[in-house]
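Topology and contacts: notes
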Amino acid sequence: MQSGLPVLVLVGRPNVGKSTLFNRLTGTRDALVADYVGLTRDRQYGRGVTEIDGEERSFIVVDTGGLMPESSDPLAALAEEQAQLALEEADHIFFLTDGIAGRHGSDEAIASRLRKLGKPLTLLVNKTEGKARGGARGIAVSDFYALGLGEPEPISAEHGDGVPTLLRRVLGPFPKPEIEAAEVPGEVRVAIVGRPNVGKSTLVNRLVGDERVVAADRPGTTRDAIRVPFEYEGNAYTLIDTAGIRRRSRVEEVIEKFSIVKTLQAIESAHVVIVVVDAHNDVGEQDARLMGLVAQRGRAMILAVNKWDGLDPGEREQTKYKVSLKMPFLDYTPVHYISARHGSGVGVVMRDVKVAYDSTMKDLPTPELTRILERSVDRHAPPAVLGRRIKLRYAHQGGSNPPQIVVHGNQTDKLPVTYKRYLANEFRNHFELKGVPLVLSFKTGDNPFKDKKNVLTGRQIKKKQRAMRHFKK
């Protein structure tokens, strides 16, 4: 069992609810969901969090395309390949079936295939909401004992029935992920991620000053996440070089995939993430998706546009325009145009790594936070709601890596998104937080007199009685 985040893989025939369960486990709507067979073709990766014995436990969940063993469709064969890659990465498999449609021939073929893997597996019977235990629900589940995969578990991916219990049972035996190299005080863990062949290993070698990892002009050279400890300007670092994979599919189309599981685990253990893109290639959706994973986890981030030395002035201007247009996370992310091979710009990247680390681990004093909040409200007060002013009273730090600020007041749930962004920018600018996604949360304080009974004095009682007698006349 690995020391990183456990990997849960969802498999099953089409339209049994895998994407719905993926969205429920990750708390997102990243996976497409529709009543249409074969909608998901590719692997979809996400990070989920659940609570076990009062502690948060993180995990990686992978949604796969629907398996259709009997189909001759080339796209179905491609989905099968993607599912097989996901199954090789799995620590636990969730095999989803449809409790409404019942057992299907494809379920039996998939079950036979999964038995040969010998990996931990749970058979899930989805769409059992509204069926009481025993009765109709028992009939729906009993049909799947014939698959020979142990006791089927009834769930509802759409409504969440049975999902928390399932996660507690499956994730409970996994060890808590180790924060690697934590025994080195003050060490900064830096993950270097990106598509294949963008120069990640070359950048590691340039920073370390040695050929510590194999670098070649061929995708797939790095097969696993490699950790390289080194010292830079008196500070201890560990660089995590992640793998990139390129494979050729059966439809003869070259598809690039970075090893997302290894990348997510590297991001999880890092303080700062350097996202490397190739200036010669189109900076696009896959790079933006990777940066989205980093932002979702709240890690400090730096964008390094590599192979800058080989572009003429016109190409450089075009690349800068594409980066600014397609990267939606650049409002707080430093961008550097570098050449890992020749070393130009690399020193500036490392200086920003140190700044980003200091920012993400910074202590934010409560009195100073409250002063900034009061100053920001004086400059630009929040809008009134139905004639009532929104009052923001004080702020304090709620955590670090990333820095979190909790703002207390009344009617905070009515604050517009634009005003929250304004406050985040005010805090960020004052504390000079560079390269980190600042997390703001808002809490509305309860009325301290809400449940208190107003006890009248004897004099007040007599006054009230006189007023009532006067009113009756």
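Residues numbered from 1 in each chain as written. Predicted model: local features only at pLDDT ≥ 70, side-chain atom pairs only at ≥ 80, totals over all residues. Heavy atoms only, no water.

1. Overview of the overall build of the protein
Condition: Elements are defined by DSSP. Helices are runs of H or I of four residues or more, strands are runs of E of two residues or more, and each kind is numbered from the N terminus. Exposure categories follow from relative accessible area, calculated using a 1.4 Å probe and restricted to protein chains: below 20% of the type maximum is buried, above 50% is exposed, and the middle band is partly exposed. Accessible surface area values rest on a Shrake-Rupley calculation with a 1.4 Å probe, where residue burial reflects the displayed protein chains alone.
Across its full length, the protein holds 13 helices and 17 strands. Split into buried and exposed, the 473 residues of the protein put 48% on the buried side. Surface accessibility of the protein: about 24100 Å² in total, with carbon and sulfur atoms responsible for 49%.

2. Considerations on the side chain of Ser58
Stated formally: N or O atoms closer than or at 3.5 Å make up a polar contact, with two conditions inside protein: a donor-capable atom paired with an acceptor-capable one, and, for residues adjacent in sequence, both atoms drawn from side chains. What makes two residues a contact is simply this: any of their non-hydrogen atoms within 4.5 Å.
Among the structural elements, Ser58 can be located in strand S3 (residues 55-63). Judged by its relative accessible area of 14%, Ser58 is buried. In this structure the side chain of Ser58 is engaged in a polar contact, spanning 2.8 Å, whose partner is the side chain of Arg47. In this structure Ser58 touches Leu5, Pro6, Arg47, Gly48, Val49 and Glu268, once residues within four positions along its chain are discounted.

3. Points about the packing of aromatic side chains
To keep it simple, the criterion reads: Pairing of aromatic rings covers Phe, Tyr and Trp, the last counted by its six-membered ring, and requires centre-to-centre distances within 6.5 Å; plane angles under 30 degrees mean stacked, over 60 mean edge-to-face, and any other angle means tilted. A ring has a charge above it when a Lys NZ or an Arg CZ is no more than 6 Å from the ring centre and no more than 35 degrees off the ring normal.
Applying the stated rule across the entire model yields four aromatic pairs. Centre to centre, the rings of Trp308 and Tyr337 are 4.4 Å apart; their planes meet at 40 degrees, and the pair counts as tilted. Of this pair, Trp308 sits in the loop between strand S13 (300-306) and helix H9 (313-326) while Tyr337 sits in strand S14 (residues 335-337), placing them 29 residues apart in sequence. You can call Tyr337 partly exposed: its relative accessible area is 24%. Through successive ring pairs, a cluster of aromatic residues spans Phe230, Tyr232 and Tyr237. We note Lys320 situated over the ring of Tyr337; from NZ or CZ to the ring centre the distance is 5.4 Å.

4. Let's talk about the sheet that holds strand S1 (residues 7-11)
Rules: A pair of strands is considered paired only if DSSP assigns at least 2 bridges between the two.
In spatial order, the strands read S2-S3-S1-S4-S5-S6; together these six strands make up an open sheet with mixed pairing. On the outer flanks of this sheet lie strand S2 (44-52) and strand S6 (153-154), each paired with one strand and no other. Pairing analysis gives four bridges linking S1 to strand S4 (residues 92-98), with the strands arranged parallel. Bridge pairing in S4 links Val11 to Phe95.

5. Notes on the nonpolar core
The following threshold applies: Residues enter a nonpolar core if they are buried and are Ala, Val, Leu, Ile, Met, Phe, Trp, Tyr or Cys, with the set joined through side-chain atoms within 4.5 Å.
Residues Leu203, Ile274, Val353, Ile405, Leu423 and Phe427 are the most contacted members of the largest nonpolar core, which totals 48 residues. Core analysis: the second largest hydrophobic core is formed by 47 residues, Ile110, Leu264, Val273 and Met327 among them.

6. Thoughts on empty space enclosed by the protein
Summary: where empty space remains is shown by rolling a probe the size of a single water molecule over the atoms. As a reminder, the rule being used: Throughout, the protein atoms alone are placed on a 1 Å grid, and a set of points is a cavity if a 1.4 Å probe fits but cannot get out or a pocket if it is open with protein on both sides within 12 Å along at least five of seven lines; lining residues have an atom within 4 Å of a point. Grid points are joined across faces, edges and corners, and a volume is the space filled by probe spheres set on the points.
Going through the model one piece at a time under the given rule, you end up with two cavities of 30 Å³ or more. Lining the largest cavity are Leu5, Arg47, Ile60, Leu264, Ile267, Glu268, Leu293, Gln296 and Arg297. Taken together, the elements giving at least two residues each to the lining of the largest cavity come down to helix H7 (260-269) and helix H8 (285-297).

7. As for the pairing of strand S12 (residues 272-278)
The condition is simple: The crossover handedness rule: strands pointing away from the viewer, path from first strand over the helix to second strand clockwise, crossover right-handed.
The buried count for S12 comes to seven of seven residues, which makes it a mostly enclosed element. As paired elements, strand S7 (residues 188-194) and S12 share five bridges and run parallel to each other. Bridging across to S12, Ile192 finds its partner in Ile274. Both S12 and S13 contribute to a ladder of seven bridges, which runs parallel. Bridging across to S13, Val275 finds its partner in Leu303. Viewed along the sheet, the connection from S12 through H8 into S13 turns out right-handed.

8. Section: helix H10 (residues 346-360)
The condition that has to hold: Expected helix span is taken as 1.5 Å per residue step, with the number of steps being one fewer than the number of residues.
Counted at 1.5 Å a residue, the expected span for H10 with its 15 residues is 21 Å, and the 21 Å between its end C-alpha atoms agrees. If you check which residues of H10 are buried, you get Val346, Val349, Met350, Asp352, Val353, Ala356, Tyr357, Ser359 and Thr360.

9. Thoughts on the sheet that holds strand S16 (residues 404-409)
To keep things clear, this is the line we draw: Axis lines are fitted to C-alpha atoms, over the contacting stretch for helices. Their N-to-C directions set the angle, which ranges from 0 to 180 degrees.
Pairing in this open sheet of three strands is mixed, and the strands run S15-S16-S17 from one edge to the other. Each end of this open sheet is capped by a strand with a single partner; those strands are strand S15 (392-399) and strand S17 (439-444). Between one strand and the next, the sheet's axes are offset by a mean angle of 25 degrees, whatever the strand orientation. Here six bridges tie S16 to S17, and the two strands are oriented parallel to one another. The residue of S17 that forms the bridge with Val407 is Phe442. Sheet strands in contact with helix H11 (residues 366-379) are S15 and S16, and its direction is about 135 degrees off that of S15. Running at roughly 120 degrees to S17, helix H12 (residues 417-431) makes contact with S15, S16 and S17 of the sheet.

10. Observations concerning the environment of Thr418
Tracing the backbone shows Thr418 in helix H12. Distance from Thr418 to Pro382, taken between C-alpha atoms, is 10.0 Å for residues 36 residues apart in sequence.

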